[in-house]
Amino acid sequence: MVLLAKELVEVRTRRALRQRSLPYWEVLEYGRAIGYQRKNGETYWVARIRLLSGKYRQRRLGCTNDRHAADGAVHLDYLQARQLAEVWFADPLQSALSSNRIQRGPTFSMLVCPWGEEYTVTHAIHDLIEWKRLFAARTHFQTIISHVNFHIIPRLGTIKLSEFKGTHVQAFIRDVLECPAQPGNTPARPRRSVSEMSTEELRKRKKTLNALIGWLRQALLMAWENGHVENERAWRCIRYLPNIDRPRIVFANRNECRRLVEACAPDMQDLVLAGLYTGCRISELQLMTVEDYVPERFGLNVPLVKTKRARFSFLPDEGCELFERLTFGRTPEEPMFVRSNGKRWSEDYRHHFKIAVAKAGLSSKFSFHSLRHTYASQLIQAGAPLIVVSDQLGHISTTTVSRTYGHMAPQIREAEVRQRFTSITGPAVSSIKVRNRPAPYATINDLSAVQD
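Here the structure is a predicted model, which is why all the values come from computation and not from measurement.

Novice: Hey, could you run me through the packing of helix 11 (residues 266–278) against helix 14 (residues 349–359) in this one?
Specialist: A pair of packed helices is captured by two measures, namely the crossing angle of their axes and the spacing between those axes. Running from amino to carboxyl end, helix 11 crosses helix 14 at an angle of 85°, the nearest separation of the two axes being 11 Å. Relative to helix 14, the element helix 11 lies roughly perpendicular. The segment helix 11 lies against helix 14, with Met-268, Leu-271 and Val-272 engaging Tyr-349, His-352 and Phe-353. Residue classes in the contact of helix 11 with helix 14 are distributed as five nonpolar, one polar and no charged.

Structure representation (structure tokens):
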């Protein structure tokens, strides 16, 4: 079982761990870990390292400071044990037999540094990264770093900016398009030609490629503006690929929402309801505290996660009732959503949410982010203006909302035409009766009844 560092640091949390013979591990780096073990009435610190053969080697570091150990035994707190583990990892004989050290968690720096006197693409990307580091939101910055390290630097990094031209861009585009996505640390997949890809696969590859092109163009434009290159060709030869970015979003109607809520455990139920009432991302809900609820304004201050733009989200009456219950009698700095054991929700929400989705009979593709799609879809189908939905979701403009959800609500255009069009002949002149046509802007309850 893998734990977080904070769960091994304190004696109180270690003592609360369930009794078992195997150690509780905290991964320091991929292939290197420190562990806490109870055995024969004593508690020990252990270290583990991954060998080149794929097997693991384990070493006992000493007794913990949980309780009095036998005479002559070494008492170690967490930090002392970790220092001993690092010394063991760095031992030359141990290192020669061990796998390479790979950082655990997200990377926030380029894997290579600019080199040489000639100004290359790597130099330009480095300057852009350091500029973005000043103001980009953490998750967005992490995405840029990841894509730059994986796609741009290996393919274009060594090219001098004075020699950069359209043929480099064309080769880069083809190479990225034919390179399948590689999530996490999964092995590389074989290349596939564009002709073998489905429409949806090609759309996703083009979306990734256009993001890369955007960052590359920004970097080369900044290099020209800063006087590192005189010729404009480097950034002017870069073009976006035409692509209709309309993903196949997964969302639920109101009947499916009710089934999902009923299938959830009580602590997960609050989290799911909050997603349906606010349209917030899971990362925003995880960071939310009691003081973020503002009852006087009937809404929430949404934590800054993906962007650094402040956002206030208004709540429906049911949503206000939920947050009144969640915040009653609690201190402002407490996390808004906690598990049944009192801890803040972390990545473990995925497992519990999947169980609820299966019990509710929903598609296995229905993720927590689908609650955000559900929120936006219901508002749009009920006739809410795109600017309202955009502000509630925290988008900088209505473009994203229109591109993603606009095709789902043709009745909005119909309602606007019916309401805004000035009569020519007058209602009394027309003898044609339009049958079975609902009133413009049906309510969300009306729509739910139709969808159910």
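Novice: Before we go on, may I ask you to explain the nonpolar core in this structure?
Specialist: Note on soluble globular proteins: their nonpolar side chains tend to be buried together. In terms of nonpolar packing, the biggest core is built from 39 residues, with Val-121, Ile-125, Ile-152, Phe-164, Leu-209, Leu-216 and Leu-220 touching the most fellow members. Elements represented by at least two residues in this core include exactly helix 5 (121–132), helix 6 (138–156), helix 7 (166–177), helix 8 (199–225) and helix 9 (233–236). Broken down by element, the residue count for this core peaks at ten residues, all from helix 8. Those residues in contact with Ile-152, other than ones at most four positions away along the chain, are Val-121, Ile-125, His-147, Gly-157, Phe-172, Leu-212 and Leu-216. If you look at the next biggest cluster of nonpolar residues, it comprises 37 residues, including Cys-257, Leu-315, Tyr-349 and Phe-366.

Novice: Is there a simple way to explain helix 10 (residues 254–263) in this structure?
Specialist: Residues lying three or four places apart along an α-helix face the same way, a consequence of the helix completing one turn every 3.6 residues. Along helix 10, the residues that are buried comprise Cys-257, Leu-260, Val-261 and Ala-263. All buried residues of helix 10 lie within an arc of 165° about the axis, which places them on one face of the element. Where helix 10 is buried, its residues contact helix 11, helix 14 and helix 15 (369–381). One side-chain oxygen at the N-terminal end of helix 10 lies 3.1 Å from the backbone nitrogen of Asn-255; it belongs to Asn-253.

Novice: I tried to follow the pairing of strand 2 (residues 32–39) on my own but got confused; where do I start?
Specialist: Side-chain positions along a regular strand alternate between the two faces of the sheet. Of all eight residues in strand 2, seven are buried; the element is thus mostly enclosed. Hairpin remark: strand 1 (residues 24–30) followed by strand 2, antiparallel, with one residue in the connecting loop; positive phi at Gly-31, about 95°. Direction of pairing for strand 2 relative to strand 3 (residues 42–50): antiparallel, over a ladder of eight bridges. By the bridge assignment for strand 3, Tyr-36 is matched with Trp-45. If you look at the hairpin formed by strand 2 and strand 3, you'll find two residues sitting between the two strands, and Asn-40 has a positive phi there, around 55°.

Novice: I keep staring at unusual backbone geometry and nothing clicks. Help me out?
Specialist: Backbone geometry follows two general trends: most residues other than glycine have a negative phi, and most peptide bonds adopt the trans configuration. Despite not being glycine, Phe-298 has its phi angle at roughly 55°, a positive value. Residue position: Phe-298 is located in the loop between strand 7 (293–294) and strand 8 (299–302).

Novice: Explain the packing of aromatic side chains here, please?
Specialist: For any pair of aromatic rings, geometry is given as the distance between the ring centres together with the angle between the planes. Scanning all chains against the criterion turns up eleven aromatic pairs. Between Tyr-349 and Phe-368 the ring centres are 5.8 Å apart and the planes differ by 80°, which places this aromatic pair in the edge-to-face class. Placement of Tyr-349 in helix 14 and of Phe-368 in the loop between helix 14 and helix 15 is noted, with a sequence separation of 19 residues between them. We note that Tyr-349, like Phe-368, is buried. Ring centres of Phe-353 and Phe-366 lie 6.3 Å apart, and the angle between their planes is 20°; this geometry places the pair in the stacked category. Of this pair, Phe-353 sits in helix 14 while Phe-366 is found in the loop between helix 14 and helix 15, placing the two residues 13 residues apart along the sequence. As far as the burial class goes, Phe-353 and Phe-366 line up, both buried. In this structure an aromatic cluster arises from ring pairing among Tyr-349, Phe-353, Phe-366 and Phe-368. Between Arg-60 and the ring centre of Tyr-44, over which it is positioned, the NZ or CZ distance is 3.7 Å.

Basis of the calculations
Residues numbered from 1 in each chain as written. Predicted model: local features only at pLDDT ≥ 70, side-chain atom pairs only at ≥ 80, totals over all residues. Heavy atoms only, no water. Axes fitted to C-alpha atoms, helices over the stretch in contact; angles between N-to-C directions. Helix = DSSP H or I, 4+ residues; strand = E, 2+ residues; numbered from the N terminus. Parallel < 35°, antiparallel > 145°, perpendicular 65-115°, else oblique. Contact = heavy atoms within 4.5 Å. Nonpolar A, V, L, I, M, F, W, Y, C, P; charged D, E, K, R; others polar. Core = buried A, V, L, I, M, F, W, Y, C linked by side-chain atoms within 4.5 Å. Buried < 20%, exposed > 50% of the residue type's maximum accessible area, 1.4 Å probe, protein only. Arc of directions from axis to C-beta. Polar contact = N/O pair within 3.5 Å; in protein donor to acceptor, adjacent residues only side chain to side chain. Pairing = 2+ DSSP bridges. Phe/Tyr/Trp six-rings, centres within 6.5 Å; stacked < 30°, edge-to-face > 60°. Lys NZ or Arg CZ within 6 Å of the ring centre and 35° of its normal.

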